[in-house]
Amino acid sequence: MAKEQETTELKNTVTIEDAGPCKKKVVVEIPEETVRKTTDEQYETLRKEALVPGFRKGRAPRRLLEKRFGKETTEQIKLKLLAGASDSALKDNKLDVLRDPDIDFEKVELPAEGPLKFEFEVEVRPEFDLPKLDGIPVEKSKLEVTNEQIDKEVEQLQKWSGIWTPRDSGQVELEDQIIADAVLKAQGIEEEQKLDNIEIYVRHNGFVGAIPVEKLDELLVGAKFGDVRQTSVEVPKTYFKEEYRGKKVDIRITVKEAKWLKPAALDENFLKRLGVKNENELREKLRDSLQSRLEQQVRGEMAEQIHKYMLDNTKFDLPVDVVGEQSTALLQRQSSNLMMRGIGREQIEEQMEQLRAGSEQQAKEQLKTFFIMAKIAEKFEIDVSEEEINGYIAQLAVQRGQRPERMREEMERDGSLAQFKLQVREDKCIAKLLESAKITEVKPQKETKKAEKATKTVAKKPARKTTKKAPVAEKKPPQKHKTTVQKRKPKGKNTR
């Protein structure tokens, strides 16, 4: 049902009606008096500033100004009226919009007389009721650290502290690190890219510079120092580096030397570097660390159950366009992540349809979770202070060996700070719900797999230097913006 705002003199008439899930159609009529007043003011301002031959500044007649500057001035008047009227319509009717109005500037005409009418659509936050929040059923897995897990941690530490040792055989083997000169020739780019003394890790799916190469092990294993190996790759259209996206790249590699990773010996020097007196102390510290990780895993599993409960028991429609944009972003990210993990191009292409379907469902779940958590935060008056954010950043900085102020600068620069705040707020919401949840402790059905998951490490190779990035929360919220009107705006796109 449309609702019409009461009008008084010089007040706009605003009609609002439903236009789809979480979408409103807004029709605005600006009175003739307002149009005339705005026009007079614009020409009066122009008269004071315009330089017209034959007239002193501020003396040119309006009819001449209209003749010389009419088209440009009309657009300025129209822009001013549309921006002001659309802002007022949203504010006066308390529309909680997700982004800017979609106003087709070119189709709106400034009338010679009579009121100015225009319309636009906006996406608004969904309206819904939260389910019962007390006594949410949650299962808590009882996980314990095993000696086998500690053994794996010790082995991993030995590898991380290992030394890349020159290979005497003069021949490249699997899992080696080779030092090589490489030349990259991308399709459509005339100049070759030369990379000297780069490190290449000999794996089935690896990288030469920034280029992903399938079956890299077959290309390099058995090569002798000084050998030249060549290949061509088709970079996927979803690749994160735009300059190579969807292009064929010819690669020439000149092998200069090869190294194999010699794990550090479990001796006194190794233990001293780790700050422990003996192997028993090391294992106890690893046990504590693993226990902490298991506790984090358990909290994560409990949070997932809260999420599922909220999603299953909260029903509302989502903004279609926002879901589409979120789905596209997720698809791009998923594809890039698969590639960075070493999945081959052909395998990624085969999974694209599944990825598309999954990305849409995932986008819906992320958006629903965002709106639900926002409402829970409002209900319990949960907010995140700057002091709390600084505390979280300080903890993260210590873990990553960075200065807190440097990490915060990086997060502000790459846009992840706002998402980080949302993630912290969500964590506080989950903690609040767990306070009153009905928690049942259970023994995990697949304890071995869970244990492996807890001890799994992210990096599979030691590195001399690690590039540290600020965390980016997956649940990126729709953004609110001040209403703007742009000229020649393609239909169907939103002003940002």
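Computed from a predicted model, the values in this text were never measured in an experiment. (Residues numbered from 1 in each chain as written. Predicted model: local features only at pLDDT ≥ 70, side-chain atom pairs only at ≥ 80, totals over all residues. Heavy atoms only, no water.)

Caption draft 1: Structural view of the side chain of R408. Tracing the backbone shows R408 in helix α10 (residues 404-414). Residues contacting R408, with those up to four places away along its chain left out, are E386, I389, N390, I393 and L417. (Helix = DSSP H or I, 4+ residues; strand = E, 2+ residues; numbered from the N terminus. Contact = heavy atoms within 4.5 Å.)

Caption draft 2: Molecular detail of the layout of surface pockets. Estimates place the volume of the second largest pocket at around 520 Å³. What lines the second largest pocket is a set of 22 residues, among which V124, R125, P126, E127 and F128 lie closest to the centre. Secondary-structure elements contributing two or more residues to the lining of the second largest pocket are β2 (13-20), β3 (23-30) and α8 (345-379). Among the elements that line the lining of the second largest pocket, the one with the most residues is α8, at 5 residues. Of the residues that constitute the lining of the second largest pocket, the class distribution is 10 nonpolar, 1 polar and 11 charged. (1 Å grid on protein atoms, 1.4 Å probe; cavity = no way out; pocket = protein on both sides within 12 Å on 5 of 7 lines; lining within 4 Å. Points joined across faces, edges and corners; volume = space filled by probe spheres on them. Nonpolar A, V, L, I, M, F, W, Y, C, P; charged D, E, K, R; others polar.)

Caption draft 3: Seen up close, the packing of aromatic side chains. Taken as a whole and assessed by the stated rule, the structure comprises 5 aromatic pairs. Where F128 meets F316, the ring centres are 4.3 Å apart and the plane angle is 15 degrees; that geometry is what we call stacked. In this pair, F128 is assigned in the loop between β4 (116-123) and β5 (137-141) and F316 in the loop between α6 (279-312) and α7 (320-340), connecting sequence segments 188 residues apart. A network of ring pairs unites the aromatic residues F128, F316, F370 and F371 as a single cluster. Over the face of the ring belonging to F105 we find K78, whose NZ or CZ atom lies 4.3 Å from the ring centre. We note K379 situated over the ring of F380; from NZ or CZ to the ring centre the distance is 6.0 Å. (Phe/Tyr/Trp six-rings, centres within 6.5 Å; stacked < 30°, edge-to-face > 60°. Lys NZ or Arg CZ within 6 Å of the ring centre and 35° of its normal.)

Caption draft 4: Up close: the packing of helix α3 (residues 147-160) against α6. Taken N-terminus to C-terminus, the directions of α3 and α6 make an angle of 110 degrees; their axes are 10 Å apart at the nearest point. When the axis of α3 is compared with that of α6, the two are roughly perpendicular. Contacts between α3 and α6 involve N147, Q149, I150, D151, E153, V154 and L157 on the former and, on the latter, L282, R283, L286, R287, L290 and R293. (Axes fitted to C-alpha atoms, helices over the stretch in contact; angles between N-to-C directions. Parallel < 35°, antiparallel > 145°, perpendicular 65-115°, else oblique.)

Caption draft 5: Just the pattern of salt bridges, in detail. One pass over the structure, following the stated rule, counts 25 salt bridges. The partner of E173 in a salt bridge is R167, with the nearest N and O atoms 3.3 Å apart. A residue is classified by how much of its surface remains accessible, and E173, at 37% relative accessible area, is partly exposed. Residues joined in a network through salt bridges with shared partners are E386, R408, E412 and K421. (Salt bridge = Lys/Arg side-chain N within 4 Å of Asp/Glu carboxyl O. Buried < 20%, exposed > 50% of the residue type's maximum accessible area, 1.4 Å probe, protein only.)

Caption draft 6: Highlighting the environment of R68. For R68, the location among the structural elements is in helix α2 (residues 62-92). Judged by its relative accessible area of 48%, R68 is partly exposed. Put simply, R68 and V52 are 16 residues apart on the chain and 8.9 Å apart in space, counted from C-alpha to C-alpha. If sequence neighbours within four positions are ignored, R68 has contacts with V52 and P53.

Caption draft 7: How the structure looks around the nonpolar core. In terms of nonpolar packing, the biggest core is built from 42 residues, with L282, I306, M310 and F371 touching the most fellow members. The biggest single contributor to this core is α6, with 11 residues. Ignoring any residue separated from it by four or fewer positions in sequence, one finds I306 in contact with I136, V138, I430, L433 and L434. Judged by nonpolar contacts, the second largest core, of 28 residues, contains A60, A89, L90 and L95. (Core = buried A, V, L, I, M, F, W, Y, C linked by side-chain atoms within 4.5 Å.)

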